[in-house]
Structures are given as structure tokens and as C-alpha cells.
Amino acid sequence: MPKSIISTIVFVGREFDISMFDERALTEPFGRLEKDQIKAGPVGQFRYARGVYGFSVTPDRVDIRCSGREILPPALSAAGTIIAEQLEPVRGFISAVGINCDAVFYAQEIGQEGREFCQTLTETNLFRHVYNDHTNVATLSIASAFPGHAIQQYNIRIEPESTSQGRDLLVAFNGHQDISFTGSLGEKLEAIEEVRSQVERFHNRFLSSGG
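What you see is a predicted model; the values in this text were computed from it and never measured.

Draft legend 1. The arrangement of the pairing of strand β8 (residues 153-160) in detail. In this sheet, β8 lies alongside strand β7 (residues 142-146) in antiparallel orientation, the contact comprising five bridges. In the strand pairing of β8, A145 is matched with N155. The turn linking β7 back onto β8 is made up of six residues. Relative to strand β9 (residues 169-178), β8 is paired through eight bridges, and the arrangement is antiparallel. The residue bridging I158 from the neighbouring strand is V171, located in β9.

Draft legend 2. The sheet that holds β7, seen in detail. Read across the sheet, nine strands follow the order β2-β3-β4-β5-β1-β6-β9-β8-β7 without closing on themselves; strand pairing throughout is antiparallel. Two strands lie at the open edges of the sheet, namely β2 (38-40) and β7, each paired on one side alone. In this sheet, neighbouring strand axes are inclined to one another by 10° on average, regardless of whether the strands run parallel or antiparallel. Note: strand β3 (residues 43-48) against strand β4 (residues 53-58), five bridges, orientation antiparallel. Bridged to R47 within β4 is G54. Helix-sheet contacts for helix α4 (residues 114-121) involve β7, β8 and β9, and the interaxial angle to β8 is about 120°. Sheet strands in contact with helix α7 (residues 192-208) are β1 (4-13), β6 (94-105), β7, β8 and β9, and its direction is about 30° off that of β6.

Draft legend 3. Molecular detail of α7. An ideal rise of 1.5 Å per residue puts 24 Å on 17 residues; α7 measures up with 24 Å between its terminal C-alpha atoms. The complete set of buried residues in α7 reads I192, E194, V195, R196, Q198, V199, H203 and F206.

Draft legend 4. Representation of the nonpolar core in the model. Of all hydrophobic cores here, the largest spans 51 residues; its most connected members are F11, F30, F55, I64, I83 and L87. Considering every element that reaches this core, the biggest residue donor is helix α2 (residues 74-87), with seven residues.

Reading guide: rules and limits
- Residues numbered from 1 in each chain as written.
- Predicted model: local features only at pLDDT ≥ 70, side-chain atom pairs only at ≥ 80, totals over all residues.
- Heavy atoms only, no water.
- Pairing = 2+ DSSP bridges.
- Helix = DSSP H or I, 4+ residues; strand = E, 2+ residues; numbered from the N terminus.
- Axes fitted to C-alpha atoms, helices over the stretch in contact; angles between N-to-C directions.
- Contact = heavy atoms within 4.5 Å.
- Expected span 1.5 Å × (residues − 1).
- Buried < 20%, exposed > 50% of the residue type's maximum accessible area, 1.4 Å probe, protein only.
- Core = buried A, V, L, I, M, F, W, Y, C linked by side-chain atoms within 4.5 Å.

These results come straight from atomic positions and should not be treated as a statement about function.
In C-alpha cells form, the structure reads like this:
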């Protein structure tokens, strides 16, 4: 079981403004809207249920977030559908949708410290040759990508987790979809089941490998 999980649905585009949205509509899946809200020009930032859930808007990005122990939980999916409906009148502003999961694993779970894990992945003759003059080089991130079915491309980033000084390991999983002019935005969120399955499969294989 990961130390922490942050799941997000992201709409990427242009000319977003907080006036396009009703943040109160998210209280149904998320619960209580906290008082420490931010509304400044086009920007908005809101927290729900003591910060377990979040919603933020900037001119080029709309984020819906959930922190907890569950991967892409139903409440996040429901909130994503609500925001997709609010965005439908301006869907021409939207270029992509991201369905993401960032998980942090304890060093004990992976059998070694995060920085050591990443260093092991780069122990090749080419890496040693390129960095021959830098014996103490630190490997900060490993990235990979592969296509999905409903998802156009999955991007995975693995790196030592910063708040633990590299002892724990961050595994960031991103499912990316470009927006076409066919279908609704809500249909893009049907890929959540696929992303959840991919993340769970990756985590299980990751942990069963013993690091």
C-alpha cells in the first residue's frame, strides 16, 4: 500500500475563468466547501472536506484533486463529470484531458531507498561512459511512455521523493488524451476505469518485483 496517493483530473487549454464554474456544485461528491477560498481575476482555488479534495482554475488549466489511499476514487470521477458539463459550452478552448495518479512508496515497500532504486535503473555501460567524470552524479528521474486503448498515451515518471530526502519513491502516472471535436468532454472521463486498472497493475508488478 503506497504511503500516499494524489489523484487528479486536469483539463488543459486557454482562456479559462473562474466565472465559468460553480464551485458549490462539487459539494455533492466532495462534501463541505472550506472557507479559505481564493478568487482573484480569472483564478480560483477551493478546498473541500478539510483539504481531502480540491478544485483550482487558472487561465490555461483546470485541476480537480483528491488525496487519500484510493486510486481515482468515485468522488473524483463524479466531480470530473460535473466540471466537464460546465466546460462543455467552451470545449473549443480545451486541448487535452489528463487523468493522473501520483503515488509515494515507502523505502521498505520497494526494498531499497528511492534514490538507490533510480540509480540502479541507470547502471548501464552507456550511462557510466557519459558520466565518467562525475562519479557522484545523482539520478533524479526516470521517464517512460506507452500507448493505451481509450488513452492516447501513458507517461510514467519515477524519482526519489523530495520530502523524504530521496528515501521514499514517487511514481507519477499520467493518462493523456487530446481533444477532438467529436463526442462530449464527459466521454473522455470514461477512460478513468482504464487508467485505474493500468495504475493498479503497474503498482502490483512494481511491488512484486521487490524493487
